[in-house]
Amino acid sequence: MRRESISPREDWRARVEALGFDFHTPDGPYWVEDACYRFNAAEIERIEAAGNALHAMCLEAVARVVERGDYAPLGLDDRAATLVERTWRAGEKALYGRMDLAYDGHGEPKLLEYNADTPTSLFEASVVQWYWLEETRAGGDQFNLIHEKLVERWRDVLPEHASVHFAGCLESREDEATLEYLRETCAQAGFDARWLDISDIGWRDAAFVDLADRPITQLFKLYPWEWMMAEPFAAHLGMAATRWIEPAWKQVLSNKSLLPLLWQLFPDHPNLLPASHDPRDIGGPVVAKPRHGREGEGVFIAERGIAFAEPGVVYQAFAPLFRGEGGHALLGAWIVGDEAVGLGIREDDDAVTRNTSRFVPHCFD
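Residues numbered from 1 in each chain as written. Predicted model: local features only at pLDDT ≥ 70, side-chain atom pairs only at ≥ 80, totals over all residues. Heavy atoms only, no water.

Visitor: Provide a residue-level description of the overall build of the chain, including the pertinent values.
Guide: Helix and strand counts for the chain come out as 8 helices and 19 strands. Projected onto its principal axes, the C-alpha positions of the chain cover 60 × 50 × 35 Å. Looking at the chain residue by residue over its 365 residues, the buried ones come to 56%. Looking at the chain alone, contacts between residues at least 24 apart form 70% of all its contacts between residues at least 6 apart. Accessible surface, the chain as shown: approximately 15,400 Å² in total, 48% of it carbon and sulfur. (Helix = DSSP H or I, 4+ residues; strand = E, 2+ residues; numbered from the N terminus. Buried < 20%, exposed > 50% of the residue type's maximum accessible area, 1.4 Å probe, protein only. Contact = heavy atoms within 4.5 Å. Areas by Shrake-Rupley, 256 points an atom, 1.4 Å probe, with all protein chains shown as cover.)

Below you can see the structure in the form of structure tokens.
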């Protein structure tokens, strides 16, 4: 694994904008055109294997939580627990997720967190960096089957001839682009796919409806479950016939209290880091993470440990990221269905990855 400087395509802005990627420079450089990360095949296989192993452990963790009814350590109340149990026992299938990994080409990739509900940077990882590889010929291949697997997965997730609504916060250009991309993959799978702003969902005759008062039977939401549970319409979630994608059982995986749970279930697993709700359980440098923090919000690193625990905070042993000329690099292994199918890399000047972090394409030989 190494970071290489390369020559930018002269008209790269026009090329990526033609794909619909017009947020490449929102408040500074986001898409990195003058560098790439290069791997060998063995490293890619190691990342893929780690993603598959971690996802299997995560599904085991959900099964254990439902079996034991042990929701308190995850911060899930009775309403959330009821939805988790109902959707898990009904066998509702998940679509996708992104596992953030610490890996520098040596040893085993380590799980930092699982963005299992509303992961971002999907369009960049699936489409934009693939066209970059095709046009630059910077490398022989890329770990990227994301698009094909998404189209296939919709046929597993949805019933035949389903009509699907796609909803999110459309004032965010990144969310809008992600939502539109996912809607397109669903349409390519042969389904009627429509979209609307999450604020335009209504409630009528004991059903969630769209602006034309059509019942919403299947809805993909680019809107976190913890936000949904705090909305006034949360009272209707248990009564409506609407099928939500991602399913409600993803609440077990999309909060960082999953990390201590995994460490309890699979202690010393090579792809896990020690994690706890009490920082005194962890020796050495500790990373503190809010249970529902997003895009690095509230994350901080304590070099000498922390003497007391705060409610709703998860503590994890510090794992250094790959460090090169571009700063610190975080690997995002994309999961579609039950398998790791692609890779996206973001880098920042320090070890905390934020929504302002840069996206860098990759290839392997």
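Visitor: How would you summarise the sheet that holds strand β9 (residues 218-222) if you had to cite specific residues and measurements?
Guide: What the 4 strands build is an open sheet, ordered β6-β5-β9-β10; its pairing is parallel. Two strands in the sheet have a free side with no partner beyond their single neighbour: β6 (192-197) and β10 (243-245). Averaged over neighbouring strand pairs, the angle between their axes works out to 25° when direction is ignored. The pairing of strand β5 (residues 163-168) with β9 spans 5 bridges and is parallel. Residue Ala167 lies in a different strand from β9, and its bridge partner there is Lys221. Of the strands in this sheet, β5, β6 and β9 touch helix α6 (residues 173-188), which is tilted by about 165° from β6. (Pairing = 2+ DSSP bridges. Axes fitted to C-alpha atoms, helices over the stretch in contact; angles between N-to-C directions.)

Visitor: With reference to specific residues and values, describe unusual backbone geometry.
Guide: Here Ile245 and Glu246 are connected by a cis peptide whose omega angle stands at 15°. Structurally, the position occupied by Glu246 is in the loop between β10 and α8 (258-265). The phi angle at Ser121 is positive, at roughly 70°, despite the residue not being glycine. Counting through the fold element by element, Ser121 comes out in the loop between β4 (110-115) and α4 (122-136).

Visitor: So what about helix α3 (residues 78-89)? Which residues, and what values?
Guide: With 12 residues, α3 ought to run about 16 Å at 1.5 Å a step, and its terminal C-alpha atoms sit 16 Å apart, in line with that. Taken together, the buried positions of α3 are occupied by Ala80, Ala81, Leu83, Val84 and Thr87. The buried side chains of α3 occupy one side of the element, clustering within an arc of 165° when seen end-on. Pointing more than 90 degrees away from the buried face of α3 are the exposed residues Asp78 and Arg89. Turning to α3, the residues buried within the fold contact α2 (41-68) and α7 (225-230). Where α3 begins, the side chain of Asp77 points an oxygen toward the backbone nitrogen of Arg79, at a separation of 3.2 Å. Count one or two residues on from α3 and you reach Gly91, which has phi positive near 75°. (Expected span 1.5 Å × (residues − 1). Arc of directions from axis to C-beta. Polar contact = N/O pair within 3.5 Å; in protein donor to acceptor, adjacent residues only side chain to side chain.)

Visitor: Which residues make up the nonpolar core, and what are the values?
Guide: In this structure, Phe39, Met99, Leu237, Leu253 and Leu331 are the most contacted members of the largest nonpolar core, which totals 69 residues. Broken down by element, the residue count for this core peaks at 9 residues, all from α2. (Core = buried A, V, L, I, M, F, W, Y, C linked by side-chain atoms within 4.5 Å.)

Visitor: Tell me about helix α5 (residues 146-157), residues and numbers included.
Guide: In this model, α5 (12 residues) spans 16 Å end to end at C-alpha, consistent with the 16 Å of a helix rising 1.5 Å per residue. Every buried residue of α5 is listed here: Ile146, Leu150, Val151, Arg153, Trp154 and Val157. Each buried residue of α5 lies within a common arc of 165° when the element is viewed along its axis, so the set occupies one face.

Visitor: Describe the packing of aromatic side chains, listing the residues and the values that go with them.
Guide: Applying the stated criterion across every chain, the model contains 18 aromatic pairs. Judged by centre distance (6.4 Å) and plane angle (20°), the ring pair of Phe23 and Tyr30 falls under stacked. We note that Phe23, like Tyr30, is buried. Each ring, one from Phe208 and one from Phe233, has its centre 5.9 Å from the other, and the planes form 80°; the classification is edge-to-face. Here Phe208, found in strand β8 (residues 207-209), pairs with Phe233, found in the loop between α7 and β10; they are 25 residues apart in sequence, far enough to count as distant. Comparing Phe208 with Phe233, the two get one shared label, buried. Among the aromatic residues, those joined into a cluster by ring pairs are Phe21, Phe23, Tyr30, Trp31 and Phe359. (Phe/Tyr/Trp six-rings, centres within 6.5 Å; stacked < 30°, edge-to-face > 60°.)

Visitor: Let's hear about the pairing of strand β12 (residues 286-290): which residues, and what values?
Guide: Burial of β12 is extensive: 4 of the 5 residues sit out of reach of the surface. Note that β12 and strand β13 (residues 300-302) share 3 bridges and pair antiparallel. Bridging from a neighbouring strand, Val286 pairs with Ala302 of β13. Relative to strand β14 (residues 313-317), β12 is paired through 5 bridges, and the arrangement is antiparallel. Residue pairing in the sheet places Val287 in a bridge with Gln316 of β14.

Visitor: Explain the environment of Asp200 to me, using residue names and the numbers behind them.
Guide: By secondary structure assignment, the location of Asp200 is in the loop between β6 and β7 (202-204). Taking the relative accessible area as the measure of exposure, Asp200 reaches 31% and is therefore partly exposed. Sequence spacing of Asp200 and Leu265 is 65 residues, and the spatial spacing of their C-alpha atoms is 41 Å. Residues contacting Asp200, with those up to four places away along its chain left out, are Val209, Asp210 and Leu211.

Visitor: Now, about the sheet that holds β13: what can you tell me, with residues and values included?
Guide: Taken in spatial order, the 4 strands line up as β11-β14-β12-β13 in an open sheet, and their pairing is antiparallel. Edge positions in the sheet fall to β11 (275-276) and β13, since each of these pairs with one other strand and no more.

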